[in-house]
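# Chains, contacts and geometry: an overview
Listed here are the chains, written in short residue letters.
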Amino acid sequence: MIYRNLMKKVLTGFSTIAVAFVLVGGNCVVAYASEEVVIDDGMSDEGIVPHSDIIEYRYKVEGTKVYRRLYNYSKECWVGEWEFVTEGYIKPGM
């Protein structure tokens, strides 16, 4: 008998709380239309825009000596000085 009364009170309490949450919480949802957000993804009309400079070696042959020097292709300027690589003839494309 005591168990039934306790269960009845517990179920009534949970039901009351559930109904209160549904009535109060159900009417608090507000939605607004969002504005357009533009994100810069690094793309342009030309395609991908690199963020770092493109630097590669260029080689020259003077007689039998081979030299190399860094060239910045992004800024179109030389980086550093010519440095000796090896002596001997190197075929183009190797």
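Residues numbered from 1 in each chain as written. Predicted model: local features only at pLDDT ≥ 70, side-chain atom pairs only at ≥ 80, totals over all residues. Heavy atoms only, no water.

### Concerning the packing of aromatic side chains
The following threshold applies: Stacked, tilted and edge-to-face are the three classes applied to pairs of Phe, Tyr and Trp rings, where Trp contributes its six-membered ring and a pair requires centres within 6.5 Å; stacked means planes under 30 degrees apart, edge-to-face means over 60, and tilted covers the rest. Any residue under 20% of the maximum accessible area for its type is buried, any over 50% is exposed, and the rest in between are partly exposed; the area is computed with a 1.4 Å probe on protein chains only.
Evaluated as defined, the whole model comprises five aromatic pairs. Plain terms: the ring middles of Tyr57 and Tyr59 are 6.4 Å apart, the flat faces sit at 40° to each other, and that makes the pair tilted. Taking 5.0 Å as the distance between ring centres and 80° as the angle between the ring planes, the aromatic pair formed by Tyr71 and Tyr73 counts as edge-to-face. Accessibility expressed as a relative area gives 11% for Tyr71, which makes it buried. Using a relative accessible area of 33% as the deciding quantity, one classes Tyr73 as partly exposed. Cluster of aromatic residues (ring-pair linked, three or more members): Tyr71, Tyr73, Trp78 and Trp82.

### Section: the confidence of the model for the chain
Which entries qualify depends on this criterion: Here pLDDT means the predictor's own confidence in every residue, given as a number from 0 to 100. Each helix is a run of DSSP H or I of at least 4 residues and each strand a run of E of at least 2, with the numbering of both proceeding from the N terminus.
Per-residue pLDDT for the chain has a mean of 79; in total, 72% of the residues score no lower than 70. Within the chain, the element-level pLDDT minimum falls on strand β1 (residues 43–44), averaging 56, and the maximum on strand β4 (residues 65–72), averaging 92.

### Section: the side chain of Asn72
Stated precisely, the cut-off is as follows: Within 3.5 Å is the distance limit for a polar contact, defined as a pair of N or O atoms, with the added protein rule that one can donate a hydrogen and the other accept it, and that residues adjacent in sequence qualify only through two side-chain atoms. In this description, contact between two residues means that some pair of their heavy atoms is separated by no more than 4.5 Å.
Positionally, Asn72 belongs in strand β4. A polar side-chain atom of Asn72 sits 3.1 Å from the main-chain amide nitrogen of Lys75. Discounting residues that sit within four places of it in the chain, Asn72 has contacts with Asp53, Ile54, Ile55, Cys77 and Val79.

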